Structures are given as C-alpha cells and as structure tokens.
Amino acid sequence: MRTNTRPESTPSSMDTTAGSVSISNVTKVYFGRQTLADKLLKRTSPDFEALSAINLEIEHNTFVSIIGPSGCGKSTLLNIVAGLSKPTTGEVLVDGQRVTGPGPDRGVVFQSYALMPWMTVAENIQFAIETVYPTMPVAQQKEIMQEYINLVGLSGAERKHPHELSGGMKQRVGIARALAINPQILLMDEPFGALDALTRGFLQDEIERIWEQERKTVILITHSIEEALLLSDKIVMMTRGPAARIAKVLDVPFPRPRKREELDQYPQYHELKAEMERHLTAEARVVEEARVRASV
Ligand SMILES: Nc1ncnc2c1ncn2[C@@H]1O[C@H](COP(=O)(O)OP(=O)(O)OP(=O)(O)O)[C@@H](O)[C@H]1O
Ligand SMILES: [Mg+2]
C-alpha cells in the first residue's frame, strides 16, 4: 500500500475531478522564415499549415490515444496542450483555464527521454519535484521520489546515470518524473516507440496498471493500433497533413483492467482494429501517391 506523501496544497490532491481538456478551433501555421542568405538569393520558405480547426473535448480521467500518419501533426497538437507551443488560432482550456504555457497540472513524457545526463535517476526525479514544489521539505521530496521509483520498478537503480540505463529504464525514469509532480494530466509522445517489442509490451502493461492505481487524464500519441486499443477509452484518428484534422473519434468499450491476451476475444476488438487499419492505409496511400507524382 502506498503512503500519501502529498502536501495538502498540491492542486491535484484538492480536486479529483480536475483534468478536463477542451481544444477549440486550434490551428497551427509554421511561418516560413527568411534567413539573410534566403534574402540575398531571393528565396522564400512558404508557410506551412500543420493543423486545421482541431476540436476535441476530453473529460477528466479519460485515457485518449492519438493515432495518425507520420508527420500529420500529433506532436504539434500535444505540444500545444502542454503549453510548449502556441496555437496560431483557437485555444486549449484545462479545467476551464486557458493554457498559456507549461504547468504542473500537465506532466510530459517525451519520446527522446529528455533526461539530464549528469544527474542520477534519483536526482532527475527529485529535480522535477523541487522545481514544482520548491517549499516542500527535502525529506518529503525524497519520499515522493522513492515512491515513484518503486512504482515504475526502478528500485536499485537510483544512483545510476542515464548512460548506464537501457532504453526501457530511461523511459521509466521519464514516466516516474512526469508522475512524481502529481499532474492531473499526463501527456505522452510515443513513449514506447524506440523500444523492442518485449520491453514495449511490458511497459504498456505497467502503464495500464499505474493508470488503474492513479486515475488521470492521459493523452498518448502512438503509431501502434494494438497499444491504442489496449490502453484507451477513446482513440482520436487524425488525417494526413498539411492542415490535418480529426477524422473520427472511436470509443473503446472493453472493461478494465484489461489483459492483452483477452482483448481479441471481443468481436468489437477486430472491428475497431480493422477500421483503424483502413483509415491509416487510406491516408498513407494518398501521401504515397502525392510523393510518386512529385517524383515523376
Ligand atoms: N518547427 C517547425 N517548423 C516548421 N514545420 C514544422 C515544425 N515542427 C513541425 N513541423 C511540420 O509540421 C508537421 C507536423 O509535425 P509533427 O511533428 O507535429 O508531426 P507528427 O504527427 O508528430 O509526426 P511523427 O509521427 O513523425 O512524429 C510536419 O510536416 C512537420 O514537418
Ligand atoms: Mg511526433
């Protein structure tokens, strides 16, 4: 049984219904930049509309996956929700408050781990806690740090540096660091993309277990149909870019806790899987046709 080491004043501990996300009419245009060399050579780089009118309502404690062709704008959308990038038009509200930058209510797990290489596992996690809760007594910070190291199964590796860890271990540090600040919303950008199939499956099961234990709103970007079906309540299917949109939102009705080996007993599992495969194949075909036309 985990002890509650949270200070009373942390926002998430006060309101268990927090963590709703409302994305309204979000567009994102990357404006073409003209360097001095471009000006001299009279070159212009055109503007690029990555996202077009994205609308999505996510209720608190819902697990949402985003799936779509490569380069369609999934990371762009997640970064806007994280407050790391600004929408060109539209807005994101978290519990009714407009997102204007990153905040402790949103923890981010990056695909590339983004750990501090000179810090140990323990220091990486404690650094995040002390940044968000600077007045918290150090003993309490350490207690929380240890709690999350244990939660992701990293006890014994506290003093190791990132270069001494496997990819799967680094990703666990990233997950522990994001969870340790007790965010009500967890944003994960292809967290298991770089891992071998076995480690990936193991970490997916861990995320399912942790989510059962610590209900949060989760937005997960993934390229894996099976991963999305195992973990999500809803799956957002995006169209190809430019000007990517949401094509459809699927409901995933399977009861929890879920076990991967049991899921394919549900006829609906195969229907949803086929629908996602059809969508991704159709979008990829258009991209491929455009590429072939451009090269002839
Ligand atoms: N800073 C930037 N400046 C200009 N264009 C950008 C920038 N960041 C992303 N893009 C473009 O916006 C589009 C969406 O990129 P994004 O990284 O969001 O896609 P993605 O769906 O996450 O792709 P992947 O599945 O490969 O991770 C791409 O065409 C990309 O080239
Ligand atoms: Mg991406």
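Residues numbered from 1 in each chain as written. Chains lettered and ligands numbered in written order. Predicted model: local features only at pLDDT ≥ 70, side-chain atom pairs only at ≥ 80, totals over all residues.

## Focus on the overall build of the protein chain
Definition in use: Segments assigned H or I by DSSP are reported as helices when at least four residues long, segments assigned E as strands when at least two residues long, and all are numbered from the N terminus. As defined in this context, the radius of gyration uses C-alpha atoms, and a globule is described by 2.2 Å times the residue total to the power 0.38. Here the C-beta atoms are placed from the backbone, and a residue counts as buried if at least 20 other C-beta atoms lie within 10 Å of its own, exposed if 12 or fewer do, and partly exposed otherwise. Contact criterion: two residues are in contact if their C-beta atoms, reconstructed from the backbone, are within 7 Å.
Within the protein chain, the regular secondary structure consists of 10 helices and 10 strands. In terms of overall size, the protein chain behaves like a compact globule, its C-alpha atoms giving a radius of gyration of 20 Å where 296 residues would be expected to give roughly 19 Å. Its C-alpha atoms give the protein chain principal-axis dimensions of about 65 × 55 × 40 Å. Counting only residues that meet the buried cut, the protein chain has 34% of its 296 residues in that class. Here the contacts in the protein chain between residues at least 6 apart in sequence split such that 71% fall between residues at least 24 apart.

## Focus: the packing of helix α5 (residues 138-151) against helix α6 (residues 167-180)
Selection rule: Every axis in this analysis is a line fitted to C-alpha atoms, fitted for helices over the stretch in contact. Angles between the N-to-C directions lie between 0 and 180 degrees. Roughly parallel here means an angle under 35 degrees, roughly antiparallel means over 145, roughly perpendicular means 65 to 115, and every remaining angle is called oblique. Here a crossing is called left-handed whenever its near helix is offset anticlockwise from the far helix by less than a right angle, and right-handed whenever the offset is clockwise. Think of it as three bins: nonpolar holds Ala, Val, Leu, Ile, Met, Phe, Trp, Tyr, Cys and Pro, charged holds Asp, Glu, Lys and Arg, and polar takes everything else, Gly as well.
Where α5 meets α6, the axes come as close as 9 Å, and the angle between the chain directions of the two elements is 135°. In terms of their interaxial angle, α5 and α6 are classed as oblique. Remark: the crossing between α5 and α6 carries right-handed chirality. Between α5, through Ile 144, Met 145, Tyr 148, Ile 149 and Leu 151, and α6, the contact on the second element is made entirely by Ala 176, Leu 179 and Ala 180. Each residue belonging to the contact of α5 with α6 can be placed in one class, and the counts come to eight nonpolar, no polar and no charged.

## Let's talk about the site of ligand 1
How we decide: Nearness here has a simple definition: the residue's C-beta atom, placed using the backbone, must lie within 6 Å of the molecule or strand.
Ligand 1 sits among Tyr 30, Phe 48, Ala 50, Gly 68, Ser 70, Gly 71, Cys 72, Gly 73, Lys 74, Ser 75, Thr 76 and Gly 241. Looking at the shell around ligand 1 residue by residue, the class counts come to four nonpolar, seven polar and one charged.

## Things to note about the sheet that holds strand β7 (residues 185-189)
Our working rule: Here, strands pair whenever DSSP counts at least two bridges between them.
Taken in spatial order, the six strands line up as β6-β7-β8-β3-β9-β10 in an open sheet, and their pairing is mixed. Only two strands of the sheet have a single neighbouring strand rather than two, namely β6 (106-109) and β10 (246-251). Between one strand axis and the next, the sheet turns through 15° on average, direction left out of account. Bridge count for β7 against strand β8 (residues 217-221) is five bridges, and the pairing is parallel. Residue pairing in the sheet places Asp 189 in a bridge with Ile 221 of β8.

## Quick notes on the environment of Glu 262
Of note, Glu 262 is situated in helix α9 (residues 260-263). As a C-alpha pair, Glu 262 and Pro 162 span 100 residues in sequence and 35 Å in three-dimensional space.

## Digging into α6
Selection rule: To estimate how far a helix should reach, multiply one less than its number of residues by 1.5 Å.
Spanning 14 residues, α6 covers 20 Å between terminal C-alpha atoms, matching the ideal 20 Å at 1.5 Å per step. Burial runs high along α6: 11 of the 14 residues are buried. For α6, the complete set of buried residues consists of Lys 170, Gln 171, Arg 172, Val 173, Gly 174, Ile 175, Ala 176, Arg 177, Ala 178, Leu 179 and Ala 180. In this fold, the buried residues of α6 make contact with β6, α4 (121-132), α5, β7 and α7 (197-213). Remark: Asn 182 follows α6 within two positions and exhibits a positive phi of approximately 55°.

## Let's talk about the environment of Glu 226
Tracing the sequence through the fold places Glu 226 in helix α8 (residues 225-231). For Glu 226, a count of 16 C-beta atoms within 10 Å translates into the label partly exposed. As a C-alpha pair, Glu 226 and Glu 212 span 14 residues in sequence and 19 Å in three-dimensional space.

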